[in-house]
Amino acid sequence: IKELNKAATQGVEADLTILLDMNVSDALERMRNNASKKLDRFERDLVFQEKVKMGYITESATNKAANWQVIWAADNVETISKKIIKAVEERLGL
């Protein structure tokens, strides 16, 4: 993931990266409940999704200096939004 991100961003790094984390099975259920979205084979593959998740969790844990903020995303939209706003405000010193 690190090499893909580096290539995609041409070495530019974010001031803050927010990772919304939750159980893969719960995330899949949310996506299934979104009637406007048809899941592709990668999205339906729990093993693949777990590997992707763990890649990002590992990246966030090894790059705390790169300003990663992991937010638990199993809560409702309002709670998650408040957590995101708090993380951004803290990063901006507000």
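Residues numbered from 1 in each chain as written. Predicted model: local features only at pLDDT ≥ 70, side-chain atom pairs only at ≥ 80, totals over all residues. Heavy atoms only, no water.

Draft legend 1. Representation of the overall build of the protein in the model. Scanning the protein from N- to C-terminus turns up five helices and two strands. The linear arrangement of helices and strands in the protein, starting from the amino end, is α-β-α-α-α-β-α. With the C-alpha coordinates aligned to their principal axes, the bounding extent of the protein is approximately 40 × 35 × 20 Å. Contacts in the protein between residues far apart in sequence, at least 24 positions, make up 67% of those at least 6 positions apart. Carbon and sulfur atoms make up 55% of the accessible area of the protein, which amounts to about 7,100 Å² in all. Seen as two clouds, the 15 positive and the 15 negative side-chain charges of the protein have centres 3 Å apart. (Helix = DSSP H or I, 4+ residues; strand = E, 2+ residues; numbered from the N terminus. Contact = heavy atoms within 4.5 Å. Areas by Shrake-Rupley, 256 points an atom, 1.4 Å probe, with all protein chains shown as cover. Lys, Arg positive; Asp, Glu negative; His and termini not counted. Charge placed at Lys NZ, Arg CZ, Asp CG, Glu CD.)

Draft legend 2. Representation of the layout of surface pockets in the model. In this structure, the second largest pocket occupies an estimated 320 Å³ of space. Lining the second largest pocket are 16 residues, and of these Leu 20, Val 24, Ala 27, Gln 49 and Lys 53 sit closest to its centre. Elements that contribute at least two residues to the lining of the second largest pocket include exactly strand 1 (17-21), helix 2 (24-33) and helix 4 (46-62). Class assignment of the residues belonging to the lining of the second largest pocket gives a composition of 10 nonpolar, two polar and four charged. (1 Å grid on protein atoms, 1.4 Å probe; cavity = no way out; pocket = protein on both sides within 12 Å on 5 of 7 lines; lining within 4 Å. Points joined across faces, edges and corners; volume = space filled by probe spheres on them. Nonpolar A, V, L, I, M, F, W, Y, C, P; charged D, E, K, R; others polar.)

Draft legend 3. Region of the structure containing the packing of helix 2 against helix 4. Look at helix 2 against helix 4: their axes get within 10 Å of each other, and the N-to-C directions meet at 115°. Note on packing geometry: the crossing formed by helix 2 with helix 4 is right-handed. On the side of helix 2, the interface is formed by Val 24, Ser 25 and Leu 28, while helix 4 contributes Leu 46, Gln 49, Glu 50 and Lys 53. Across the contact of helix 2 with helix 4, the residue classes break down as three nonpolar, two polar and two charged. (Axes fitted to C-alpha atoms, helices over the stretch in contact; angles between N-to-C directions. Left-handed = near helix turned anticlockwise from the far one by under 90°.)

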